[in-house]
Amino acid sequence: MTTSTRGARTQAAPAVLVLEDGRIFRGRSYGAVGETFGEAVFSTGMTGYQETLTDPSYHKQVVVMTAPHVGNTGVNDEDPESGRIWVSGYVVRDPARVPSNWRAKRSLDEELANQGVVGISGVDTRALTRHLRERGAMRVGIFSGDAVADDAALLARVQEAPQMKGANLSAEVATKETYVVPAIGTKKFTVAAVDLGIKGMTPHRMAERGIEVHVLPATATVEDVYAVNPDGVFFSNGPGDPATADHAVSVMQGVLERRTPLFGICFGNQILGRALGFGTYKLKYGHRGINQPVQDRTTGKVEVTAHNHGFAVDAPLDKVSETPYGRAEVSHVCLNDNVVEGLQLLDQPAFSVQYHPEAAAGPHDAAYLFDRFVSLMEAERA
């Protein structure tokens, strides 16, 4: 929940960040002036803040940037991953006073203010990040200008805010109407992409490979998916608790029953995990940023990858599992903490990863996954 003064750029306004455990950080307003609530998380990326801000997976989250200098390259009109900023709030240490980039159209604080995003600057983000690593992601409020009040009153308001666990958010960020991203060059395949919070670069990466992508609402049924006569089905990233995504799980199970080539990323990985019968759980503070090391266990290669997830699949790392749709195994694992980062079925063409291979923003190490999806559709057609 956010209330703000759009267009306000009064950086001199005092601001307060209040965590649900009572820890308080004081700074100055950044972006819009007002108040906002969400889940406090941190992102370790040193670049790509524009893609982070516009990633629908950050819906209802207040993002703390661990990089001390933010806003240096301003804001352009080419890099957004959706039509708006989705973060509930933004926390930076030392924002750039003047953007410096040939593509910049306006400053970051202007963009935040224009979209009504309440932020705070001048905060010791190192101390805040260490606190979240030790205590875990938690509810937070940012208050600036007239919204600043007695500390105890602000803490009580934060503790009344909804938690991320149990939140069902995909339908809030997904498209309401189906749209088509045409193939670039010769069309080779048709893919039905279930939008759970999709980033714009994802269908573009498929279009580059000759795929015509039909992006469907999160409420799409199995019948809607197959109405486009797909060669493959894709389930996107998205916000919220996968334990609430019963509809998406049911649709995916319908796809698995038909043995159509299937690819899921991030939230889609958690949906595949649930569809196969595995559980999901909330990570202490999640993985967010563009520098997370993951091993592809099918090749042994280590990739530097872009992440944004606070939940994970609870699947065994040391054995092949029997599922209603055949044998399944963990295909990718995070080298920092052994969290499941990918799943694959061994008896039919279906796989998923927990991270973001579209490289917006982030490294290109995982781009091969789109090629792997193409290979599955080619094999099925043959």
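Residues numbered from 1 in each chain as written. Predicted model: local features only at pLDDT ≥ 70, side-chain atom pairs only at ≥ 80, totals over all residues. Heavy atoms only, no water.

## Examining the overall build of the chain
Line of reasoning, step 1. Scanning the chain from N- to C-terminus turns up 10 helices and 21 strands.
Line of reasoning, step 2. Taken over the C-alpha trace, the chain has a radius of gyration of 21 Å; the compact-globule value for 382 residues is 21 Å, and the two agree within 12%.
Line of reasoning, step 3. Considered along the principal axes of its C-alpha atoms, the chain spans approximately 65 × 40 × 35 Å.
Line of reasoning, step 4. Expressed as a percentage of its 382 residues, the buried residues of the chain come to 58%.
Line of reasoning, step 5. Sequence separation of 24 or more characterises 76% of the internal contacts of the chain that already satisfy a separation of 6 or more.
Line of reasoning, step 6. Surface accessibility of the chain: about 15,100 Å² in total, with carbon and sulfur atoms responsible for 47%.
Line of reasoning, step 7. If you average the places of the 37 positive and of the 45 negative side-chain charges in the chain, the two averages end up 4 Å apart. (Helix = DSSP H or I, 4+ residues; strand = E, 2+ residues; numbered from the N terminus. Rg over C-alpha atoms; globule rule 2.2 N^0.38 Å. Buried < 20%, exposed > 50% of the residue type's maximum accessible area, 1.4 Å probe, protein only. Contact = heavy atoms within 4.5 Å. Areas by Shrake-Rupley, 256 points an atom, 1.4 Å probe, with all protein chains shown as cover. Lys, Arg positive; Asp, Glu negative; His and termini not counted. Charge placed at Lys NZ, Arg CZ, Asp CG, Glu CD.)

## Observations concerning the UniProt feature "domain: Carbamoyl-phosphate synthase small subunit N-terminal" (unreviewed entry) in the chain
Line of reasoning, step 1. Per the UniProt record, "domain: Carbamoyl-phosphate synthase small subunit N-terminal" (unreviewed entry) is found at residues 13-143.
Line of reasoning, step 2. Secondary structure within residues 13-143 divides into 18% helix and 36% strand; the distance between the first and last C-alpha atoms comes to 10 Å. (UniProt positions renumbered as here; feature names shortened; annotations may be inferred.)

## Section: the side chain of serine 107
Line of reasoning, step 1. Tracing the backbone shows serine 107 in the loop between strand E8 (94-95) and helix H2 (108-114).
Line of reasoning, step 2. Residue classification places serine 107 among the buried positions, given a relative accessible area of 9%.

## A closer look at the nonpolar core
Line of reasoning, step 1. Counting 35 residues, the largest nonpolar core has Leu196, Phe235, Met252, Leu256, Ile271, Leu276 and Leu343 as its most contacted members.
Line of reasoning, step 2. The set of elements that each furnish at least two residues to this core consists of strand E12 (189-194), helix H7 (222-227), strand E14 (232-235), helix H8 (246-258), helix H9 (267-275), strand E19 (326-334) and strand E20 (340-345).
Line of reasoning, step 3. For this core, the element with the most residues is H8, which contributes six residues.
Line of reasoning, step 4. Each residue touching leucine 343, except ones within four places of it in the same chain, is listed here: Asn269, Leu272, Gly273, Phe278, Val313, Ala315, Glu329, Val330, Ser331, Phe351 and Ser352. (Core = buried A, V, L, I, M, F, W, Y, C linked by side-chain atoms within 4.5 Å.)

## Describing the domain arrangement of the chain
Line of reasoning, step 1. Split into domains, the chain comes out as domain 1 (14-160) and domain 2 (170-381).
Line of reasoning, step 2. The interface is formed by 24 residues belonging to domain 1 together with 23 residues belonging to domain 2.
Line of reasoning, step 3. A buried area of about 1,900 Å², summed over both sides, lies between domain 1 and domain 2, and 48% of it is on carbon and sulfur atoms.
Line of reasoning, step 4. Of all residues in domain 1, Pro56, Ser57 and Glu81 give up the largest surface area on contact with domain 2, accounting jointly for 28% of the area buried on that side.
Line of reasoning, step 5. If you look at where domain 1 meets domain 2, you find one salt bridge.
Line of reasoning, step 6. Among the ionic pairs, glutamate 39 bridges to lysine 282, the shortest N-O distance being 2.6 Å.
Line of reasoning, step 7. Put simply, the parts of the chain that give the side of domain 1 that touches domain 2 at least two residues each are strand E4 (33-43) and helix H3 (125-135). (Domains from an automatic or database assignment. Buried area = accessible area lost by both parts, 1.4 Å probe. Salt bridge = Lys/Arg side-chain N within 4 Å of Asp/Glu carboxyl O.)

## Thoughts on the UniProt feature "active site" (unreviewed entry) in the chain
Line of reasoning, step 1. As annotated by UniProt and renumbered to match this structure, "active site" (unreviewed entry) occupies Cys266, His356 and Glu358. Their sequence span is 93 residues, while the largest C-alpha to C-alpha distance among them is just 11.4 Å; these annotated residues converge on one region.
Line of reasoning, step 2. In this fold, cysteine 266 is placed in the loop between strand E15 (262-265) and H9.
Line of reasoning, step 3. Residue cysteine 266 is classed as buried on the basis of its relative accessible area of 2%.
Line of reasoning, step 4. Once residues lying within four places of it in the same chain are set aside, the contact partners of cysteine 266 are Asn237, Asn308, His309, Val353, Gln354, Tyr355 and His356.
Line of reasoning, step 5. Considering the arrangement of structural elements, one finds glutamate 358 in the loop between strand E21 (350-353) and helix H10 (368-381).
Line of reasoning, step 6. On the basis of relative accessibility, which here comes to 0%, the residue glutamate 358 falls in the buried class.

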